[in-house]
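Structural characterization, general
Spelled out, the chains give:
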Amino acid sequence: MSGKFIVIEGLEGAGKSSAVTIIKAAIEQFGKPLVCTREPGGTPMAEAIRNCVKQDWRDEKVTVEAELLLMYAARAQLVQNVIQPAINADQWVLADRHDMSSRAYQGGGRQIPDSMIEPLRNITLKGFKPDLTLYLDVEPATGLARARGRGELDRIEQEDISFFERTRERYLQLCADDPRAVVINTMQPMENVHQDITKAINLFLDKH
Ligand code: T5A
């Protein structure tokens, strides 16, 4: 027996926080012990990396290569120390972001070629992948307006809109190629978004 790995993905302001709350409740009702994670982060060292990548370093430019490597360094810590042990112990894991974020933000947004990303994925994940990914789709302008309403934008959130358009486009491509990914339209009233999320998670739970 082993647990399941469910991932929520999406641009800033897509509504991942409320999706986590809905899915967490559904899994707990299903009677499964649950571990929740976020990326980058989720272990003491990975949280330190998160602080490092989210902030500006005054005049020092964060290179796209350093950003990519830090995302995978944080992921290696989290997957080996938290996610895989939990799954091996028959717990379920609900993740706020995972590998698809790097492929979309660094691959799509930053335009880093797959030939650079793939070796890092192999080293870090060794073929490990989610059982279900819910991608919350939002147009960048709408998502960023929601994120702005919440407070100051961080280093990545301050990127040009074209960065988020490329990121979204890559997300949609990755979902189209992944039979375990479900796209949820979040550009509709919150109540409808929540109904769609509930439907998707219940469909998954019915099969497991
Ligand atoms: N990153 C991360 C990479 O570049 N590569 C990687 O490999 C990884 C793992 C992480 C940053 O790092 C990048 C991506 C990110 O830029 P973060 O703080 O975790 O930083 O950023 P986010 O995950 O984007 O967190 P956010 O809090 O911005 O996004 P959420 O959680 O999707 O937004 P949420 O749920 O707080 O919603 C925002 C607001 O919108 C409203 C909500 O009420 C809330 O106020 N809202 C809606 N309003 C109207 N209609 C709806 N349907 C709504 N849905 C939500």
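Structure first, text after, so check above.
An account of the accompanying structure is given in this report. (Residues numbered from 1 in each chain as written. Predicted model: local features only at pLDDT ≥ 70, side-chain atom pairs only at ≥ 80, totals over all residues. Heavy atoms only, no water.)

This paragraph deals with the packing of aromatic side chains. Describing an aromatic ring pair means giving the distance of the ring centres and the angle of the ring planes. If you walk through the whole model with that rule in mind, you get 7 aromatic pairs. On the basis of an interplanar angle of 75° and a centroid distance of 6.0 Å, the ring pair of Trp 92 and Phe 204 is categorised as edge-to-face. Of this pair, Trp 92 sits in strand E3 (residues 92–96) while Phe 204 sits in helix H8 (residues 190–206), placing them 112 residues apart in sequence. Summarising the burial analysis for this pair, Trp 92 and Phe 204 share the class buried. Ring geometry for Tyr 135 versus Tyr 171: centroids 4.6 Å apart, planes at 25°, classification stacked. Taken together, the residues Tyr 135 in strand E4 (residues 132–137) and Tyr 171 in helix H7 (residues 161–176) connect sequence positions 36 residues apart. Its relative accessible area of 0% is what places Tyr 135 among the buried residues. Within the aromatic cluster, the residues linked to one another by ring pairs are Tyr 105, Tyr 135, Phe 163, Phe 164 and Tyr 171. Positioned above the aromatic ring of Tyr 72 is the side chain of Arg 75, whose terminal nitrogen or guanidinium carbon lies 4.8 Å from the ring centre. (Phe/Tyr/Trp six-rings, centres within 6.5 Å; stacked < 30°, edge-to-face > 60°. Helix = DSSP H or I, 4+ residues; strand = E, 2+ residues; numbered from the N terminus. Buried < 20%, exposed > 50% of the residue type's maximum accessible area, 1.4 Å probe, protein only. Lys NZ or Arg CZ within 6 Å of the ring centre and 35° of its normal.)

It is worth spelling out helix H6 (residues 140–150) at this point. Inspection of H6 places Pro 140, Gly 143, Leu 144 and Ala 147 among the buried residues, and these make up the whole buried set. The arc that holds every buried residue of H6, seen down its axis, measures 95°, which confines them to one face. Away from its buried face, by an angle of more than 90 degrees, H6 presents the exposed residues Ala 141 and Gly 149. Where H6 is buried, its residues contact H7. Residue Gly 151 follows H6 closely and has a positive phi angle near 150°. (Arc of directions from axis to C-beta. Contact = heavy atoms within 4.5 Å.)

In the region of the ligand, 25 residues are neighbours, and Glu 12, Lys 16, Lys 54, Ser 102 and Arg 150 sit closest. Taking Lys 54, its side chain carries an N or O atom lying 2.4 Å from an oxygen atom of the ligand. For the ligand, the accessible surface in isolation is 1000 Å², of which the surrounding protein chains cover 83%. The pocket occupied by the ligand, as judged from atoms lying within 2 Å of grid points, is the largest pocket. Elements represented by at least two residues in the shell around the ligand include exactly helix H1 (16–29), helix H2 (44–54), helix H3 (64–88), helix H4 (99–109), H6 and H8. Here the shell around the ligand takes 4 residues from H4, the largest share from any one element. (Near = heavy atom within 4 Å. Polar contact = N/O pair within 3.5 Å; in protein donor to acceptor, adjacent residues only side chain to side chain. Areas by Shrake-Rupley, 256 points an atom, 1.4 Å probe, with all protein chains shown as cover. 1 Å grid on protein atoms, 1.4 Å probe; cavity = no way out; pocket = protein on both sides within 12 Å on 5 of 7 lines; lining within 4 Å. Sits in = over half its atoms within 2 Å of the grid points.)

What follows is about the nonpolar core. Ile 6, Ile 23, Ile 197 and Ile 201 are the most contacted members of the largest nonpolar core, which totals 38 residues. Once you skip the residues sitting within four places of it in the chain, Ile 23 turns out to touch Ile 8, Leu 94, Leu 134, Ile 197 and Ile 201. One finds Phe 5, Leu 78, Val 79 and Val 93 within the second-largest nonpolar core, a separate group that totals 12 residues. (Core = buried A, V, L, I, M, F, W, Y, C linked by side-chain atoms within 4.5 Å.)

Take the side chain of Glu 67 next. For Glu 67, the position within the fold is in helix H3. Judged by its relative accessible area of 1%, Glu 67 is buried. One polar contact links Glu 67 to Gln 106, side chain to side chain, over a distance of 2.7 Å. If sequence neighbours within four positions are ignored, Glu 67 has contacts with Val 62, Gln 106, Arg 110, Arg 155 and Ile 156.

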